[in-house]
Amino acid sequence: MLTKSSKSVRQCGPRFLRAARLTHDLSARCRGKASRRLPFAACLLAALAFIAVAGATSTFAQTVDRGWEWQNPRPQGNAISAIRFAADKRHGWAVGADGVILYTSDGGFQWESQHPRLVASLNGLFVQDPKRAAIVGARGTVVLTKNAGERWIEVSAPTKDHLYSITFASDNPMHGWAVGTYGCIIATADGGLTWTTQKSPTRVHLYSVSFANKNIGLATGDRGTVVRTIDGGHHWKEAVKLGALPFTGVTFITAKRAIAVGYGGRVIMSDDAGLTWEPVDVQMTNDLLAVFFSDEQHGWISGDNGVVLSTGNGGRLWLPASVRTSPRLVTVYFADENTGWTAGSDGLLLRTDDGGIGWQRLTDGGRDDLADIFFLDNSRGWAVGQHGKILETRSGGKLWTLRPSGTTVRLDAVTFSDEKHGWAIGEKGTILHTDNGGAVWQAQQTGIDHELLGAYFISEKLGWVVGARGHILKTEDGGNAWRLVPSGTKAWLEDVHFLDEKHGVAVGSGGTILRTEDGGETWKDIAHNLREWLYAVAFADKLRGFAVGEKGIILRTEDGGLTWKDMESSVKTNLFAISVASRDDILIAGDQGRVLASRDGGLTWETQPTITSSPLFGVAYRGGSNAWVAGRGGAILRRSEALSTVKISAPKLPPGLRSGPPKLKEENSQQLNLDDGDIPKAVPPVRKPAKP
């Protein structure tokens, strides 16, 4: 019997929404409603939370790609923090969470990942020319390149504070500055090879820094703070402190004129190099996150909800443009009055060639959260998520095709009984069915309006679905007719697994574990003294089963679900999904990009470093390198090598997807636009042939 207990969880809803509530994944909340706005510090620190805790001991501890490859979005799906280009408008970099460094030599139409073996989140970027660039990030990270990123060199910084912004003086590029948490300001006089700390007049977090020349500079941060120097940073003074909201971006327009932007649509301008400031009304209250001017007249501001503002008269009048799907745009850069780039959440990169009126994607793939992923074999799989999204692959994920679902409700789970028959379930009692391998989906009637979260089919005819408020539905004809069976609980039921036609287990909120011995006609609650939310359940055979859930809980049964043992996992992050390739070969996915593996039936566990810290809500594992995970922002990652053997303390266990029919033939159709109806794709301009 279970002996562990903890405080019950009162939140309810699908796991990929609760993730932001049940954990410290503050970055998700930063994208939430303005009424629940967090301080900007929390938004930026959220991207660093995983590194600060799990990666603090060794910046270069992981392999180059940590054994994973992005399948969606592409080239990758981690948040971008900064994008900058050289004056030639062709060579540029974008940096972001989880050590992301992307490089382009054609204006952003094609990107390649560069690997300095960094795990730390990278926040600030300065590009001096097509060969030279500097990056700053978490825990005092400073890296430089002098050969277009073929080699990145980490240099020692005199701080372990998180650094958010970096700049160099236009009249002396050897002089540079970087700012970060708790008022940290560091400076270099040799192009970034060595750094010293400068005395700061504030302890608030500083998010942006800009210098008009080697002497006059400004930095902005929390609590409406603007600090100023006129001697290259030897002395800094607080110039402005306006309200509680942060100023997130600052730049010099000329040697005398400067502008700062921040939360709540705040814009202030100075005509005396930052000594005094006046507000500018931009007619909106959106959070503004970055500002850039290409010359004295032309400037742009990017912000939350896909907002981009532009000015052609030096900032006196700002005109709004809106990027479809309202992404969070945290950085903006223009090479001239027409050509510019912006970037932000879920790896999105955009380009404009008309001064910011219209924007096109430089990235591929959808960015809707994916709640579940299922593979029949090593080739054929499906993923489902927000806005009725159904993705299909017949090539092991090399190509993902968007399939019409006929609905816009959130889909929470997908399963197939064989290569033809499958079901996807979700909000408002939605059950979709396909009998042609997922090419066409049709709604099945349930008669209920509650959210459905877990499904399991023994055959193409016999299956069960579980969901909110204890709802359990059963079908004996493939879903043509569904009937409600009594569960005896009002708990949210997250997942269900049947061992045979009679014996099954369902798990859910408040530590609920239900078991049936009569094909789901009646259910008995067999959990005791358990309060953690359970998200997934699976069995390796008719006796050995596993359940995973909140706060790293992993349960194991050896008697078909009659009794369960808490394996006392040392992991404290939420675990959302489990999958089993064989009786002893198991994979778990969860919050903060966490992936755990066991090859001995759970006696020992190995942590699998991933290339994202976004929550992962689904996992499909078929052994070896045949492993996929899916989650926030449309993330789909596939294992690119066999699972590693980095052991973590404490024994624990889980499982999940059954094997399917023989390998199907490879998909030969081209990938469809997963951003269907979204931001248009950027196309490189066609160059006219030279005259003979």
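### What about the overall build of the protein chain?
The helix and strand inventory of the protein chain stands at three helices and 57 strands. Of the contacts made within the protein chain by residues no fewer than 6 positions apart, 49% connect residues no fewer than 24 positions apart. Counting every atom, the protein chain has about 26400 Å² of accessible surface; 50% of that belongs to carbon and sulfur.

### Topic: the pattern of salt bridges
All told, the structure shown has 23 salt bridges when counted by the stated rule. Linking Glu451 and Arg410 is a salt bridge whose minimum nitrogen-to-oxygen distance equals 3.2 Å. Taken together, the positions of Glu451 in the loop between strand 37 (442-444) and strand 38 (452-457) and Arg410 in the loop between strand 33 (401-403) and strand 34 (411-416) put the pair 41 residues apart, joining distant regions of the chain. As far as the burial class goes, Glu451 and Arg410 line up, both buried. Arg583 is paired through a salt bridge with Asp541; the nearest N and O atoms lie 2.6 Å apart.

### Observations regarding the environment of Glu494
Mapped onto the fold, Glu494 is located in strand 42 (residues 493-498). As for Glu494 and Thr512, which are separated by 18 residues in sequence, their C-alpha atoms are 9.7 Å apart.

### Considering the nonpolar core
Formed by 26 residues in total, the largest nonpolar core has its most connected members in Ile83, Trp111 and Leu349. Looking at this core, the elements with two or more residues in it are strand 2 (80-85), strand 4 (100-104), strand 22 (288-293), strand 26 (329-334), strand 27 (340-344) and strand 28 (349-352). The element best represented in this core is strand 26, accounting for four residues. Leave out the neighbours within four places in its chain, and Leu349 touches Ile80, Ile83, Ala94, Leu102, Trp111, Thr342, Ala343, Gln360, Arg361, Leu362 and Thr363.

### Brief notes about the environment of Thr202
Summarising the element assignment, Thr202 is placed in the loop between strand 13 (196-197) and strand 14 (206-211). For Thr202, a relative accessible area of 9% gives the class buried. A C-alpha to C-alpha distance of 9.6 Å links Thr202 and Gly221, two positions 19 residues apart in sequence. Filtering out sequence-adjacent residues up to four positions away, Thr202 remains in contact with Tyr182, Gly183, Thr225, Val227 and Glu238. Engagement of the side chain of Thr202 in a polar contact is seen with the backbone nitrogen of Val204, the distance being 3.1 Å.

### Here's the deal with the pairing of strand 19 (residues 258-262)
Counting buried positions along strand 19 gives five out of five residues, so the element sits mostly inside the fold. By the alternation rule, side chains of strand 19 split into Ala258, Ala260 and Gly262 and Ile259 and Val261, which are all buried. Bridge count between strand 18 (residues 247-252) and strand 19: five bridges; the pairing is antiparallel. Pairing of Phe252 across the sheet is with Ala258, part of strand 19. From the end of strand 18 to the start of strand 19, which pair antiparallel, there are five residues. When strand 19 meets strand 20 (residues 267-270), the two strands line up antiparallel, connected through four bridges. The residue of strand 20 that forms the bridge with Val261 is Val267. From the end of strand 19 to the start of strand 20, which pair antiparallel, there are four residues, and Gly264 there has a positive phi angle of about 70 degrees.

### Here we look at the sheet that holds strand 28
What the four strands build is an open sheet, ordered 26-27-28-29; its pairing is antiparallel. Of all the strands in the sheet, the pair left with one neighbour each is strand 26 and strand 29 (360-361). Across four bridges, the pairing between strand 27 and strand 28 is antiparallel. Residue pairing across strands places Ala343 opposite Leu349, the latter belonging to strand 28.

### A word on the pairing of strand 10 (residues 163-168)
Here is the key point about a regular strand: its side chains alternate between the two faces of the sheet. Burial runs high along strand 10: six of the six residues are buried. Relative to strand 11 (residues 176-180), strand 10 is paired through five bridges, and the arrangement is antiparallel. If you follow Ser165 over to strand 11, its bridge partner there is Val179.

### Some thoughts on the packing of aromatic side chains
This structure, assessed with the given rule, holds 26 aromatic pairs. Look at Tyr164 and Tyr207: their rings are 5.4 Å apart centre to centre, the planes differ by 45 degrees, and that puts the pair in the tilted class. On the criterion of sequence distance, the pair formed by Tyr164 in strand 10 and Tyr207 in strand 14 is long-range, its members being 43 residues apart. Summarising the burial analysis for this pair, Tyr164 and Tyr207 share the class buried. Relative to Trp628, the ring of Phe375 lies with its centre 3.6 Å away and its plane at 10 degrees, an arrangement referred to as stacked. Highlighted residues: Phe375 in strand 30 (residues 370-375) and Trp628 in strand 55 (residues 627-631), separated in sequence by 253 residues. As far as burial versus exposure is concerned, Phe375 and Trp628 are alike and both buried. In this structure an aromatic cluster arises from ring pairing among Phe85, Trp111, Phe292, Tyr333 and Trp341. Directly above the aromatic system of Phe247 lies the positively charged group of Arg266, at a separation of 4.3 Å from the ring centroid.

Parameters at a glance
- The residue numbers shown here count from 1 along each chain, following its written sequence.
- Reporting of local features is limited, given that this is a predicted model, to residues whose pLDDT is at least 70; pairs of side-chain atoms are given and counted only at 80 or more, and all residues count toward the totals for whole chains, interfaces and linings.
- Hydrogens and waters are ignored; side-chain quantities use all the structure's heavy atoms.
- Only DSSP runs of H or I covering at least 4 residues are called helices, and only runs of E covering at least 2 are called strands; the numbering of each starts at the N terminus.
- Contacts were defined at the residue level, with two residues in contact if any of their heavy atoms lie within 4.5 Å.
- Each accessible area is a Shrake-Rupley estimate made with a 1.4 Å probe; only the visible protein chains count as cover when residues are assessed.
- We define a salt bridge as a contact between a side-chain nitrogen of Lys or Arg and a carboxyl oxygen of Asp or Glu at a distance within 4 Å.
- Three exposure classes are used, based on accessible area relative to the maximum for each residue type with a 1.4 Å probe and protein chains only: buried under 20%, partly exposed in between, and exposed over 50%.
- In plain words, nonpolar cores are sets of buried Ala, Val, Leu, Ile, Met, Phe, Trp, Tyr and Cys residues tied together by side-chain atoms within 4.5 Å.
- Side-chain atoms alone can form a polar contact between residues adjacent in sequence; in general such a contact is a pair of N or O atoms within 3.5 Å, and within protein one must be able to donate a hydrogen while the other accepts it.
- Two strands form a pair only when DSSP identifies at least two bridges running between them.
- To pair, rings of Phe, Tyr and Trp, with the six-membered ring standing in for Trp, must have centres within 6.5 Å; the planes then decide the type, stacked if under 30 degrees apart, edge-to-face if over 60, and tilted in the middle.
- A ring has a charge above it when a Lys NZ or an Arg CZ is no more than 6 Å from the ring centre and no more than 35 degrees off the ring normal.

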